[in-house]
Amino acid sequence: MKKSNRTLHIIGRMDRAGAETMIMNLYREIDRTQTQFDFVYFANDRCDYDDEIEAMGGRIVRINSSSSIGRFFALLNILRKGDWRIVHAHTLFSSGLHLLAAKLAKVPMRVAHSHSTSDANTSSTVGRAYQKCMRWLMSWVPTDYVACGKAAAEYLFPGRTDVQLIPNAIDINLFANAQGQNIKAELNLTDSTLVILQVGRFMPVKNHIFSVEIATALRKADMDFQMLFVGTGPEQEAIENAVHKDNLQENVQLLGLRADIPELMAAADVMLMPSLHEGFPVVLVESQAAGLPAVIANTISLEVDLNIGLVRFVGLDESPKEWAARLQTAALKPKVPLERRLETLENNNFSARSGAERLMMVYKTA
């Protein structure tokens, strides 16, 4: 069968999260006469970006199996019946199996893409064995290797020198020129209130429970503050319980999924990210484009700091009281001029246009 110009992205689901948002930013910018994106989901429910994907001509293929082996054989069957010339896997260590299926199905280009610098499976013997096996597969199954940064490349593809870096792309102007007045009116935020924003899925790795402890420390210090959590996820009930336990309902708001992240950043005084680990978070590229100071865990790759004075790293071994003090200090920092932010992000290839060009350079040999 002659291969089409379509690219199949293996991502699991397409909700408003870091890697998924980056892929959408690239999808909007690519020349879709050269390649069209399709997506493999390991989920049955509708996802945040489904309507837009389908409106742009993308197809969504769903695999129902919950086991790695079941997904492997289902994907192999799909690929053998399909006509994709590129399979692009974003599924960390599982990319080894997914791209093996692509190889057996004779897909010409098989791209492994690293978005992270850690994985929860490291904590178990079985998990470490799985990682070792997948790293071995990824040493020879992919035809091309991509990562969002040097740390993510070294984590998933240790020792490789042929990894191509595509920084996490955003619509720079969307964030740099956003206004926050409407958000402040909607959420009753006054100019004297310290507005703290945390954006990310409600998952243990994002460490929202620690953020609630920081909120408790701020209240004990008699701070006038609002902490805004944007996202959804399996930890939502635990977060809500922690908020109620500490009687923080007046200070902590769970806003759910929002499409107006640029405006929320414009309304906020400081970004909070105490994650247990991250690769190269898209949201921190966005916050720097918006000129929003960020206080983040030192578990996050140092590469995320674009050296314009907006990112401060703090150890997770520091107390919630210390984190609270760092947030207050960061919020007082003078604004970084718009021109400097735009120039820095453009020069470091964080624009969606630049990212799309780099991606097409990877794809052009297929």
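Please refer to the structure placed before this passage.
Being a predicted model, the structure only gives us computed values, none of them experimental.

### A few points about the overall build of the protein
And then number 1: When helices and strands are counted, the protein shows 15 helices and 13 strands.
And then number 2: For 366 residues, the compact-globule estimate of 2.2 N^0.38 gives 21 Å, and the protein sits close to it at 21 Å.
And then number 3: Each principal axis of the C-alpha distribution contributes one length, and for the protein these read about 65 × 45 × 40 Å.
And then number 4: Long-range contacts, defined as pairs at least 24 residues apart, comprise 70% of the intrachain contacts of the protein with a sequence gap of at least 6.
And then number 5: For the protein, the accessible area works out to roughly 15900 Å², and carbon and sulfur atoms hold 50% of it.

### Thoughts on the packing of aromatic side chains
And then number 1: Under the counting rule described, the total for this entry stands at nine aromatic pairs.
And then number 2: Seen in terms of ring centroids, Y27 and F37 are 4.8 Å apart; in terms of plane orientation they differ by 20 degrees. Their pairing is stacked. Residue Y27 is found in helix α1 (residues 18-29), and its partner F37 is found in strand β2 (residues 36-41); the two are separated by 10 residues along the sequence. Considered together, Y27 and F37 belong to a single accessibility category, that of buried residues.
And then number 3: By way of ring pairs, the aromatic residues Y27, F37 and F39 are connected into one cluster.
And then number 4: It is R71 that lies over the ring of F42; its NZ or CZ is 4.3 Å from the centre.
And then number 5: Here R160 stacks its cationic end above the ring of Y145, 3.8 Å away from the centre of that ring.

### Some details on empty space enclosed by the protein
And then number 1: This structure, assessed with the given rule, holds one cavity of 30 Å³ or more.
And then number 2: In this structure, the largest cavity encloses a volume near 30 Å³.
And then number 3: Lining the largest cavity are Q198, V199, G200, K206, L272, M273, S275 and E278.
And then number 4: Mapped by element, the contributors of at least two residues to the lining of the largest cavity are β8 (194-199) and β11 (270-273).
And then number 5: Across the lining of the largest cavity, the residue classes break down as three nonpolar, three polar and two charged.

### Here's the deal with the sheet that holds strand β1 (residues 6-12)
And then number 1: Strand order in the open sheet made by the seven strands is β3-β2-β1-β4-β5-β6-β7, with parallel pairing throughout. With one partner strand each, in any of the chains shown, β3 (60-62) and β7 (163-165) form the two edges of the open sheet. Going across the sheet, the axis of each strand differs from the next one's by a mean of 25 degrees, ignoring polarity.

### Observations regarding the pattern of salt bridges
And then number 1: Scanning the entire structure with this criterion turns up 18 salt bridges.
And then number 2: Taking the shortest distance from any N to any O, the salt bridge between D38 and R6 comes out at 2.7 Å. With D38 in strand β2 and R6 in strand β1, this pair connects stretches of sequence that are 32 residues apart.
And then number 3: Taking relative accessible area as the criterion, D38 reaches 0% and is therefore assigned buried.
And then number 4: Note that E186 is salt-bridged to R258, the shortest N-O span being 3.1 Å. Taken as a pair, E186 in helix α8 (residues 181-186) and R258 in the loop between β10 (252-256) and α11 (261-267) lie far apart in primary sequence, 72 residues in all.
And then number 5: Owing to a relative accessible area of 16%, R258 belongs among the buried residues under this scheme.
And then number 6: Each of R46, D50, D51, E54 and R62 takes part in salt bridges that share partners, so that together they form one network.

### A look at the sheet that holds β11
And then number 1: Read across the open sheet, the six strands follow the order β10-β9-β8-β11-β12-β13; overall the sheet is parallel. Lying at the two open borders of the sheet, with one neighbouring strand each, are β10 and β13 (311-314). For this sheet the average axis-to-axis angle between neighbouring strands, irrespective of direction, equals 25 degrees.
And then number 2: Here four bridges tie strand β12 (residues 294-297) to β13, and the two strands are oriented parallel to one another.

### Digging into the packing of α1 against helix α15 (residues 352-363)
And then number 1: Direction vectors running N to C along α1 and α15 enclose 80 degrees, while the axes themselves pass 8 Å from each other. As judged from the angle between their axes, α1 and α15 are roughly perpendicular. Counted together, N25, L26 and E29 of α1 and A352, R353, G355, A356 and L359 of α15 form the full contact between these two elements.

Scoring rules and cut-offs
- Residues numbered from 1 in each chain as written.
- Predicted model: local features only at pLDDT ≥ 70, side-chain atom pairs only at ≥ 80, totals over all residues.
- Heavy atoms only, no water.
- Helix = DSSP H or I, 4+ residues; strand = E, 2+ residues; numbered from the N terminus.
- Rg over C-alpha atoms; globule rule 2.2 N^0.38 Å.
- Contact = heavy atoms within 4.5 Å.
- Areas by Shrake-Rupley, 256 points an atom, 1.4 Å probe, with all protein chains shown as cover.
- Phe/Tyr/Trp six-rings, centres within 6.5 Å; stacked < 30°, edge-to-face > 60°.
- Buried < 20%, exposed > 50% of the residue type's maximum accessible area, 1.4 Å probe, protein only.
- Lys NZ or Arg CZ within 6 Å of the ring centre and 35° of its normal.
- 1 Å grid on protein atoms, 1.4 Å probe; cavity = no way out; pocket = protein on both sides within 12 Å on 5 of 7 lines; lining within 4 Å.
- Points joined across faces, edges and corners; volume = space filled by probe spheres on them.
- Nonpolar A, V, L, I, M, F, W, Y, C, P; charged D, E, K, R; others polar.
- Pairing = 2+ DSSP bridges.
- Axes fitted to C-alpha atoms, helices over the stretch in contact; angles between N-to-C directions.
- Salt bridge = Lys/Arg side-chain N within 4 Å of Asp/Glu carboxyl O.
- Parallel < 35°, antiparallel > 145°, perpendicular 65-115°, else oblique.

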